[in-house]
Amino acid sequence: MQTESSSILNPLELLKNSGIPKHLLYQSKIEVDHLLCPICLNILWKPVACGQDKCFQSYCEVCINKWIQDQVGDAVLQESLYSQSLIIAPDSGSGSQYSSQSSSFSEMPQQIQIETTQHNCPKCKRPFKKTSIPIIHNLLDSIQLSCIYEECTIKSRYEQFQKHILQCPFRRINCSGCGLQQLQNELEQHENQCEQITIECTKCQNKMSRKQFQIHSIDDCVQNQFNNKDNQIDQLYKKIEELNQKNQYLEQKICKMLKGESFDTIHQFSFKTMFTQNYQFTGTQAIEAKLIHPSFNLQKQKNDFLHFYINHKVKTQAVQGIIWRMRIQTLKGNLLIGICSSLCHYSIDFIINKLGEIKRKEWNENKYKQLRKGNFTFSEGDNLTFQFMPLQQCLRIINENRHIVCRFEPTEIIEMGDSFFSFFSLENQGDSLIFI
């Protein structure tokens, strides 16, 4: 007749929620009460201790972890129930000191504030600081334990307990075929004879029980092989169809890229500028960049242009194009739109102003030289679209309102190196751009 302990399939389940049952203690040199967990009242398993001064109480690791989790759960539930009671509490009228519309807990009197203490040691009630006490481990190593299987007469030391109960010949394991429990040392012999064990035919690769395999004929095997080959052919046809669809998609995508019609759109904008006191950036989806404090140049007797950059590195050797959009919200002064090889002062710049003049600045200079002048212009209220086409190595700026286009040519993009940044410069107080 099987006992309860002999029917345990996974002996580690015993140690999953508590320590080693006290009745398994066979021999100990000290009083066993010193080696018990105060939570589960069993022999300590994988002990940890509270490191608070004058506490040093040891617990099973699994027990103290569960204790702490239960404390946190109770505190969260308590706060949740208390918060709900505040929300649904009826207003008793003008005489009520506090109503359900209170905007925060800070408005309530101190005596109804909830104070929760989490992760506390059950003994000292202070925050649990995990530590280890070597003497406890030494004492535990000195005890001997009986096996959880009553038929077994082997007595193991504490450190060998887990290994033994897993390898004990009296441990029972379910047969993977019939599901009946078998002694661990007899399982292999049983499964070699069990008619319900699954066997795979080496020729047709079909899996069946040993009982079915014994009547598995050559005709059945050949037919299964043909069926398997048919299934493999069907799978190959499906794979070919998937690859053809993927190839068609890639061909269309390449054609769009060659025509400059395939772009990744910049939706989230962030900016960099050394003139943080002069610019104001506001908004989330659409961000407005506004010059709030201009910089007057006494020598030139006019305002200086102050740069800010879109913090997005555009890679010149990329495959996919990039597109971003901007609206000129307010423009009483001039505006410079440019690209630069880096975010530092020493960079190669190309710019275009609202008169359509395209200019260039060397990395070691501080002055722009005009390269050409086109018919591209812009003013307040215009919507501009920027398209970088890496295969054509050019940046197009499209004025959507006036249907005119400006291009930074391949020779100019090449000078940027492997990447570039776009920047904008305003001079007049109150002028602003919106990036969408």
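Cut-offs applied
Residues numbered from 1 in each chain as written. Predicted model: local features only at pLDDT ≥ 70, side-chain atom pairs only at ≥ 80, totals over all residues. Heavy atoms only, no water. Pairing = 2+ DSSP bridges. Helix = DSSP H or I, 4+ residues; strand = E, 2+ residues; numbered from the N terminus. Axes fitted to C-alpha atoms, helices over the stretch in contact; angles between N-to-C directions. Patch = residues over 30% accessible without salt bridge, like charges linked within 9 Å, V, L, I, M, F, W, Y side chains within 5 Å. Areas by Shrake-Rupley, 256 points an atom, 1.4 Å probe, with all protein chains shown as cover. Salt bridge = Lys/Arg side-chain N within 4 Å of Asp/Glu carboxyl O. Buried < 20%, exposed > 50% of the residue type's maximum accessible area, 1.4 Å probe, protein only. Phe/Tyr/Trp six-rings, centres within 6.5 Å; stacked < 30°, edge-to-face > 60°.

Looking up the protein in an unreviewed UniProt entry gives the name TRAF-type domain-containing protein, with the organism given as Paramecium pentaurelia.

With antiparallel pairing, three strands are arranged side by side in an open sheet as β1-β5-β6. Looking at the sheet topology across the chains shown, the edges are occupied by β1 (25-27) and β6 (155-157). Each strand of the sheet is rotated relative to its neighbour by a mean of 45 degrees, with strand direction disregarded.

Together, Ile218, Val222 and Phe226 make up a nonpolar patch on the protein surface, roughly 320 Å² of accessible area in all. Position of Phe226 among the secondary structure elements: in helix α6 (residues 218-258).

Counted according to the given criterion, the structure contains eleven salt bridges. Notably, a salt bridge pairs Lys332 with Glu380, separated by 3.4 Å at the nearest N-O pair. Of this pair, Lys332 sits in the loop between β19 (321-330) and β20 (335-340) while Glu380 sits in the loop between β23 (369-373) and β24 (383-389), and the two are 48 residues apart along the sequence. With a relative accessible area of 59%, Lys332 lands in the exposed category.

This structure, assessed with the given rule, holds 19 aromatic pairs. Between the aromatic rings of Tyr309 and Phe423, the centroid separation amounts to 5.9 Å while the plane-to-plane angle is 55 degrees, which identifies the pairing as tilted. You can see Tyr309 sitting in strand β17 (residues 306-310) and its partner Phe423 sitting in strand β27 (residues 419-426), a full 114 residues away along the chain. Residues Tyr309 and Phe423 agree in their burial class; the two are buried. Relative to Phe386, the ring of Trp324 has its centre 5.3 Å away and its plane inclined at 0 degrees; by these criteria the two rings are stacked. Of this pair, Trp324 sits in strand β19 while Phe386 sits in strand β24, and the two are 62 residues apart along the sequence. Each member of the pair, Trp324 together with Phe386, is buried. Grouped by ring-pair contacts, the aromatic residues Phe269, Phe271, Tyr279, Phe281, Phe308, Trp324, Phe386, Phe424 and Phe435 constitute a single cluster.

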